[in-house]
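# Results of the structural survey
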4 protein chains.
Amino acid sequence: MTRPTPLPFEKLPPRAFHAPARIRFGDCDPAGIVFFPTWFALANAAVEDFFRDELGLDFHALHATRRIGTGFAHAEADFFAPGLMGDAVLLTPLITRIGGASYGFTMHVHRGAAELLRMQLVTATTNLDTRRPVPIPDDLRAALARYQERCTDGR
Amino acid sequence: MTRPTPLPFEKLPPRAFHAPARIRFGDCDPAGIVFFPTWFALANAAVEDFFRDELGLDFHALHATRRIGTGFAHAEADFFAPGLMGDAVLLTPLITRIGGASYGFTMHVHRGAAELLRMQLVTATTNLDTRRPVPIPDDLRAALARYQERCTDGR
Amino acid sequence: MTRPTPLPFEKLPPRAFHAPARIRFGDCDPAGIVFFPTWFALANAAVEDFFRDELGLDFHALHATRRIGTGFAHAEADFFAPGLMGDAVLLTPLITRIGGASYGFTMHVHRGAAELLRMQLVTATTNLDTRRPVPIPDDLRAALARYQERCTDGR
Amino acid sequence: MTRPTPLPFEKLPPRAFHAPARIRFGDCDPAGIVFFPTWFALANAAVEDFFRDELGLDFHALHATRRIGTGFAHAEADFFAPGLMGDAVLLTPLITRIGGASYGFTMHVHRGAAELLRMQLVTATTNLDTRRPVPIPDDLRAALARYQERCTDGR
């Protein structure tokens with residue numbers, strides 16, 4: 001485990017998607033900073049925005065109607081600086097790998113230029129009724145690949 | 001990132017500390033399984049029990065009175081099987097490293113013999129008023145070392 | 001809305017059910033006290049314990065297998081004193097009304113002798129697939145009535 | 001406890017403040033609907049937006065710098081219809097009472113024209129260090145009164 005170095009916001013790919021979030025009073029702990037599990041909940045909310053606004057896919061229909069789960073096989077965060085109540089932050093997902101039944105992405109979280117934390121997440125697609133792995137659906141795979149390419153092109 | 005293999009409960013050190021937890025309805029998501037950030041909240045609760053019941057230290061006084069924070073520099077989880085509502089689980093912390101101003105530990109989560117997930121956590125001790133790193137307090141360091149030794153002895 | 005007066009723990013019915021809970025670091029906000037929505041989550045957890053340990057009914061099977069929901073039509077709390085991290089509290093449900101498709105109960109929360117808050121909750125039983133009201137199932141109705149009687153007898 | 005009747009969105013005062021919120025996957029429970037304590041957390045987030053965007057007051061500085069708490073003495077909700085994942089909702093606070101050291105407000109939650117739930121909340125202003133009641137600060141009192149008047153005028 002080598003500790004990554006914070007990346008200034010301007011070094012992100014210019015065409016990357018950013019999900020805004022506001023740090024709430026109730027997200028913070030008695031130390032006055034974001035309670036760390038909340039960052040993972042904010043990342044999941046950012047993925048919902050990313051699906052709807054960037055990939056053009058309905059995250060909720062994927063689960064409720066198509067019965068495809070997008071649970072995590074792996075979730076990891078390196079914390080560089082604390083988030084404080086009232087902070088406006090941007091969450092930026094970047095695809096790192098598209099496999100058969102899983103895909104990996106980095107989620108950068110910035111407040112202004114400063115990266116507060118970075119998450120590495122691996123999503124496994126499953127059938128929600130059998131709880132077994134299923135291949136990434138074609139429309140999701142294509143949308144992830146297009147986004148990944150756009151981010152790489154723009155560098 | 002090589003994916004770890006689940007460890008059967010009986011392979012844990014015999015003198016390891018176990019914090020019990022019950023998976024609640026409200027911990028679960030529309031997929032009917034534990035919403036993954038909740039596992040990190042349960043790990044933090046297990047650390048509080050570990051401090052009180054195993055290390056003999058008051059986690060809350062550490063923060064509120066001594067003003068020492070035990071925030072995370074790194075948090076990571078590999079998910080092997082989902083937790084379901086009503087599940088009784090045991091969380092087992094094992095110390096992996098005691099540094100100058102941080103310590104690392106693994107948190108195993110079992111339901112019966114099966115490991116559901118495994119977390120790797122790095123805690124950095126800080127001064128809560130300045131938000132700067134401080135050396136691990138002596139009483140905490142000694143207690144962590146004793147527990148680490150006890151777990152190793154017992155193997 | 002007349003504000004109720006805190007009830008000392010010893011005034012509760014002697015045969016009432018008590019669900020223990022521990023206030024966690026992550027349950028508390030930057031003011032250092034329990035973030036108020038968390039009290040409602042703790043109440044729901046206490047109801048799960050009450051079903052299993054007092055009523056002899058499986059709350060989770062009721063939802064997952066029998067597809068009967070026990071959502072709230074009304075939820076209300078009067079806060080008398082704050083909960084602090086590390087506090088051990090007891091939650092005591094007392095049935096106030098058993099109707100056709102809903103039942104009401106009070107949830108007292110005590111730390112030692114002192115009542116910290118009191119909730120008034122109305123649960124409506126629904127079919128989880130149609131989201132329509134259904135009569136309280138017979139086994140639940142009978143168990144609630146027995147518990148209500150036991151609490152009244154003991155006064 | 002008489003159950004209120006849902007109010008169509010167009011019956012709200014025309015100059016009322018509305019805080020938008022999006023229902024997240026992680027806000028929902030295994031019944032597929034918003035876990036009810038989450039509504040109170042969303043109400044608190046709406047109050048933060050209301051302070052910043054309508055009252056022109058910094059909610060977080062109020063707590064962190066001025067050390068004035070705005071905890072709840074009473075919180076209550078009537079649930080009319082469930083919130084579903086992906087829903088876009090609007091939260092509308094309306095001041096009902098401005099007292100010496102507390103103020104009351106209604107929080108309406110609408111999805112489109114339909115009111116999903118209505119909360120009644122009483123905030124008590126306190127000194128965060130002594131945890132004793134303090135008079136509502138003058139700037140907050142004046143801002144609340146102006147907003148209350150604006151909502152009444154507009155009817």
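Going along each chain's sequence as written, the residues are numbered from 1 onward. Chain letters and ligand numbers both follow the written order, the letters beginning at A and the numbers at 1. Given that this is a predicted model, residues contribute local features only at a pLDDT of at least 70 and side-chain atom pairs are listed and counted only at 80 or more, while totals for whole chains, interfaces and linings are drawn from all residues. Each side-chain value is derived from all of the structure's non-hydrogen atoms; neither hydrogens nor water enter the calculation.

Chain A is annotated in an unreviewed UniProt entry as Acyl-CoA thioesterase of Falsiroseomonas frigidaquae.

### Observations concerning unusual backbone geometry
Residue and element names in this part refer to chain C. This is how the line gets drawn: Under the DSSP-based scheme used, a helix requires at least four consecutive residues in state H or I and a strand at least two consecutive residues in state E, with every element numbered from the N terminus. Think of it in three bands: with a 1.4 Å probe and only protein chains considered, a residue is buried below 20% of the maximum accessible area for its type, exposed above 50%, and partly exposed in between.
Phi angles above zero are rare outside glycine, and Arg 67 is one such case at about 60°. With respect to the helices, strands and loops of the structure, Arg 67 is situated in the loop between α2 (59–64) and β2 (68–79). Since its relative accessible area comes to 30%, Arg 67 is described here as partly exposed. The backbone of Arg 131 sits at a positive phi, close to 55°, despite the residue not being glycine. Position of Arg 131 among the secondary structure elements: in the loop between β5 (114–127) and β6 (132–133).

### Description of the packing of helix α1 (residues 36–55) of chain C against helix α1 (residues 36–55) of chain D
We apply this condition: Simply put, an axis is a line fit to the C-alpha atoms, just over the touching stretch for a helix, and the angle between two N-to-C directions goes from 0 to 180 degrees. For this classification, under 35 degrees means roughly parallel, over 145 means roughly antiparallel, 65 to 115 means roughly perpendicular, and everything else is oblique. Any two residues whose heavy atoms approach within 4.5 Å are treated as being in contact. Polarity classes work like this: nonpolar for Ala, Val, Leu, Ile, Met, Phe, Trp, Tyr, Cys and Pro, charged for Asp, Glu, Lys and Arg, and polar for all others, with Gly in that last group.
In contact at an axis separation of 8 Å, α1 of chain C and α1 of chain D are set at 180° when each is read in the N-to-C sense. When the axes of α1 of chain C and α1 of chain D are compared, the pair comes out roughly antiparallel. Along the contact surface, α1 of chain C presents Phe 36, Pro 37, Phe 40, Ala 41 and Asn 44 of chain C, while α1 of chain D presents Phe 36, Pro 37, Phe 40, Ala 41 and Asn 44 of chain D. By residue class, the composition of the contact of α1 of chain C with α1 of chain D is eight nonpolar, two polar and no charged.

### Quick look at the interface of chain A and chain B
By convention, interface size is frequently given as the accessible area that disappears when the constituent parts associate. Formally: What makes a salt bridge here is a side-chain nitrogen of Lys or Arg within 4 Å of a carboxyl oxygen of Asp or Glu, nothing more. We define a polar contact as two N or O atoms separated by no more than 3.5 Å, with the added condition that, inside protein, one atom must be a possible hydrogen donor and the other a possible acceptor, whereas residues neighbouring each other in sequence contribute only through side-chain atom pairs. Only strands that DSSP links by at least two bridges are regarded as paired with each other.
Counting residues at the interface gives 25 residues for chain A and 24 residues for chain B. Counting every contact that joins chain A to chain B gives zero salt bridges. Inspection of the chain A/chain B interface yields twelve residue pairs in polar contact (both at pLDDT 80 or more). Those elements that provide at least two residues to the side of chain A that touches chain B are α1 (36–55), β2 (68–79) and β5 (114–127) of chain A. Per-element accounting of the side of chain A that touches chain B gives the leading share, eight residues, to β2 of chain A. The residue makeup of the side of chain A that touches chain B, split by class, is 18 nonpolar, three polar and four charged. With five bridges connecting them, β2 of chain A and strand β2 (residues 68–79) of chain B associate as antiparallel partners. Within β2 of chain B, the residue paired with Glu 76 of chain A across the bridge is Glu 76 of chain B.

### Topic: the side chain of Asp 78 of chain A
Structurally, Asp 78 of chain A is set in strand β2. When residues no more than four places from it in sequence are discounted, the contact partners of Asp 78 of chain A are Arg 3, Pro 4, Leu 116, Leu 117 and Arg 118 of chain A together with Ala 73 and His 74 of chain B.

### Examining the pairing of strand β5 (residues 114–127) of chain B
Residue and element names in this part refer to chain B. In terms of residue burial, β5 counts as a mostly covered element, since ten of its 14 residues are buried. Note that β2 and β5 share eleven bridges and pair antiparallel. Within β5, the position partnered with Ile 68 by the bridge is Asn 127. Where β5 and strand β6 (residues 132–133) come together, two bridges link them in antiparallel fashion.

### Observations regarding the relation of the copies chain C and chain B
Quick note on the threshold: Residues below a pLDDT of 70 in either copy are left out; the C-alpha atoms of the rest, at least 70 in both, set the least-squares superposition of the copies.
With an RMSD of 0.0 Å, chain C superimposes on chain B once it is rotated by 180° and translated 0.0 Å along the axis. Taken together, the turn and the small shift mark the pair as related by a two-fold rotation axis. For chain C, the smallest separation between a C-alpha atom and the rotation axis is recorded for Ala 21 of chain C, amounting to 5.5 Å. When you check the interface residues of chain C against chain B, 100% turn up at the interface there too, and the contact is symmetric in its surfaces.

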